[in-house]
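Residues per chain are reported as follows:
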Amino acid sequence: MNPIALLVVVLVAAGTLAVLWQRWGRRLANGLAKVDAAWEELGKALAERISALEVMLEALERAGYVPEGRPRLREAVANLRQATGPRALAAADRAVEGVLLHIYRGLPRERIEAIRQAQNRLAQADEERDLARSSYNDLVLSWALLARRFPYRHIARRRGLVPPEPFLLPGEEADWARRRLG
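Keep in mind it's a predicted model, so treat the numbers as computed, not measured.

Undergrad: In this structure, what is going on with the packing of helix H1 (residues 3–63) against helix H2 (residues 70–82)? I would like to understand it.
TA: If you want to describe how two helices pack, look at the angle between their axes and the distance between the axes. Running from N to C, H1 and H2 point in directions that differ by 165 degrees, and their axes come no closer than 11 Å. Between H1 and H2, the angle is such that the two are roughly antiparallel. At the point where H1 passes H2, the crossing takes the left-handed sense. Along its contact with H1, which presents Arg49, Ile50, Leu53, Glu54, Leu57, Leu60 and Glu61, the element H2 presents Arg70, Leu73, Arg74, Val77, Leu80 and Arg81. Among the residues forming the contact of H1 with H2, the class breakdown is seven nonpolar, no polar and six charged.

Undergrad: What am I meant to see in helix H5 (residues 150–159) here?
TA: At 3.6 residues per turn, the α-helix brings residues three or four places apart onto the same side. For H5, the full list of buried residues reads Pro151, Tyr152, Ile155 and Ala156. On an axial view of H5, the arc spanned by its buried residues comes to 130 degrees, and they lie on one face. When the buried face of H5 is taken as reference, the exposed residues oriented beyond 90 degrees from it are Phe150, Arg157 and Arg158. For H5, the elements touching its buried residues are H1 and helix H4 (113–148). Of the residues trailing H5, Gly160 is marked for its positive phi of about 75 degrees.

Rules used in this analysis
- Residues numbered from 1 in each chain as written.
- Predicted model: local features only at pLDDT ≥ 70, side-chain atom pairs only at ≥ 80, totals over all residues.
- Heavy atoms only, no water.
- Axes fitted to C-alpha atoms, helices over the stretch in contact; angles between N-to-C directions.
- Helix = DSSP H or I, 4+ residues; strand = E, 2+ residues; numbered from the N terminus.
- Parallel < 35°, antiparallel > 145°, perpendicular 65-115°, else oblique.
- Left-handed = near helix turned anticlockwise from the far one by under 90°.
- Contact = heavy atoms within 4.5 Å.
- Nonpolar A, V, L, I, M, F, W, Y, C, P; charged D, E, K, R; others polar.
- Buried < 20%, exposed > 50% of the residue type's maximum accessible area, 1.4 Å probe, protein only.
- Arc of directions from axis to C-beta.

Shown next, in the form of structure tokens:
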């Protein structure tokens, strides 16, 4: 074979590999950017939930309902506000759920309008949080699956990219990973 033709073939192959490597790296970076954007949306949904919880707390205090549950709700909301990272936020969010169940059990069947409005706002915020959580977890899963594939895992390791943590409680992680990652 002609040495010039061999050189051209090697250069074309190296150029193709370089373009593909760059494209794969960009795909990883774009996926991580989508995960970060979903995390921001989840943060906004959690902030709205905290606001709805504060409105609920104010309505409970004005009505005088569930006096033993209000301090627990105040503390749980403060813990939710201070939590950072997916695992801590999920645990704090779960604690709020437990306190809310206790409070809902203590509410009278016939509630005043302010309590009903606060419950509706909280239900809407919970729905938005659930949608944002689901979207975030799906993107984390997609990125983790992509980063496990052959060329991508080498690129991710080389760039020091680590898979983001899903918004799950420690007990949910094993079940989530088993169902999603196989």
